[in-house]
Amino acid sequence: MFLKKKEKKTYDRENQRPVLRCSICTGEQIAGFKNIHTGKFEEVRFIRNNKELDEFMEEYHISTITKEY
């Protein structure tokens, strides 16, 4: 009945970049942000399909995301 408004979230664009971390063995994908200075990865969401990836990218205003294996 009631639709929850999706809140637009932000991240530190100067020090972080969006990354989709993928497992070669299991195919598991985790979306998050990697610090460009330290290399530390901050997990945000487990991605099971393209719809969830699109929702993640829309929430954080991301147009492109890189994959890391």
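The structure this text deals with has already been given above.
Q: For this particular structure, what's the right way to read the overall build of the protein?
A: Along its length, the protein carries 1 helix and 4 strands. Ordered by position from the N terminus, the helices and strands of the protein form the series β-β-β-α-β. Put simply, the protein has 69 residues, and 32% of those count as buried. Taking the contacts inside the protein whose residues are at least 6 apart along the sequence as the reference set, 36% of them involve residues at least 24 apart.

Q: Even after reading the chapter, I still don't get the packing of aromatic side chains, so can you show me in this structure?
A: The description of two aromatic rings rests on the distance between their centres and on the angle between their planes. Taken as a whole and assessed by the stated rule, the structure comprises 5 aromatic pairs. Each ring, one from Phe33 and one from Phe56, has its centre 5.8 Å from the other, and the planes form 40°; the classification is tilted. Here the residue Phe33 occupies a position in strand E2 (residues 29-35), and Phe56 occupies one in helix H1 (residues 50-59), the gap between them amounting to 23 residues. For the pair Phe33 and Phe56, one class covers both residues: buried.

Q: What am I meant to see in the nonpolar core here?
A: It is characteristic of soluble globular proteins that their nonpolar side chains tend to be buried jointly. With 12 residues, the main nonpolar core is built from Tyr11, Leu20, Cys22, Ala31, Phe33, Ile47, Leu53, Phe56, Met57, Tyr60, Ile62 and Ile65. Taken together, the elements giving at least two residues each to this core come down to strand E1 (16-22), E2 and H1. The biggest single contributor to this core is H1, with 3 residues. Setting aside residues no more than four positions away along its own chain, Met57 makes contact with Ile62, Ser63, Thr64 and Ile65.

Q: Looking at this structure, I do not really get the sheet that holds strand E4 (residues 66-68). What am I missing?
A: Two modes of strand pairing occur in sheets, parallel and antiparallel, and in both the strands are linked by backbone hydrogen bonds. Reading across the sheet, the 4 strands line up as E3-E2-E1-E4 and stay open at both edges, with mixed pairing between neighbours. At either margin of the open sheet sits one strand with a lone partner, and together these are strand E3 (41-47) and E4. When the angles between neighbouring strand axes are averaged without regard to direction, this sheet yields 35°. Looking at chain direction, E1 and E2 are connected through 7 bridges and run antiparallel. In the strand pairing of E2, Cys22 is matched with Gln29. Where H1 meets the sheet, it contacts E1, E2 and E3, and its direction lies at approximately 135° from that of E3.

Q: Is there a simple way to think about the environment of Gly27 in this case?
A: Assignment of secondary structure puts Gly27 in the loop between E1 and E2. The class for Gly27 is partly exposed, based on a relative accessible area of 48%. Separated by 21 residues in the primary sequence, Gly27 and Arg48 place their C-alpha atoms 9.4 Å from one another.

Criteria and cut-off values
- Residues take numbers from 1 onward in each chain, read along the sequence in its written order.
- A pLDDT threshold of at least 70 governs which residues receive local features in this predicted model, and a stricter bar of 80 or more applies before side-chain atom pairs are shown or counted, although totals over entire chains, interfaces and linings include all residues.
- With hydrogens and water stripped out, all remaining heavy atoms of the structure feed into the side-chain values.
- In this text, helices come from DSSP runs of H or I with a minimum length of four residues, and strands from runs of E with a minimum of two, each type numbered from the N-terminal end.
- The buried label applies to any residue whose accessible area, calculated with a 1.4 Å probe on protein chains only, is under 20% of its type's maximum; exposed applies above 50%, and partly exposed to all values in between.
- For this analysis, residues touch if any pair of their heavy atoms sits within 4.5 Å.
- Aromatic rings from Phe, Tyr and Trp, with only the six-membered ring used for Trp, were paired whenever their centres fell within 6.5 Å, and each pair was classed as stacked if the ring planes differed by under 30 degrees, edge-to-face if by over 60, and tilted otherwise.
- Here, nonpolar core means buried Ala, Val, Leu, Ile, Met, Phe, Trp, Tyr and Cys residues that are tied together by side-chain atoms lying within 4.5 Å of each other.
- A pair of strands counts as paired when DSSP detects no fewer than two bridges linking them.
- In this analysis, axes come from line fits to C-alpha atoms, helices being fitted only over the stretch in contact, and the angle between any two N-to-C directions falls in the range 0 to 180 degrees.

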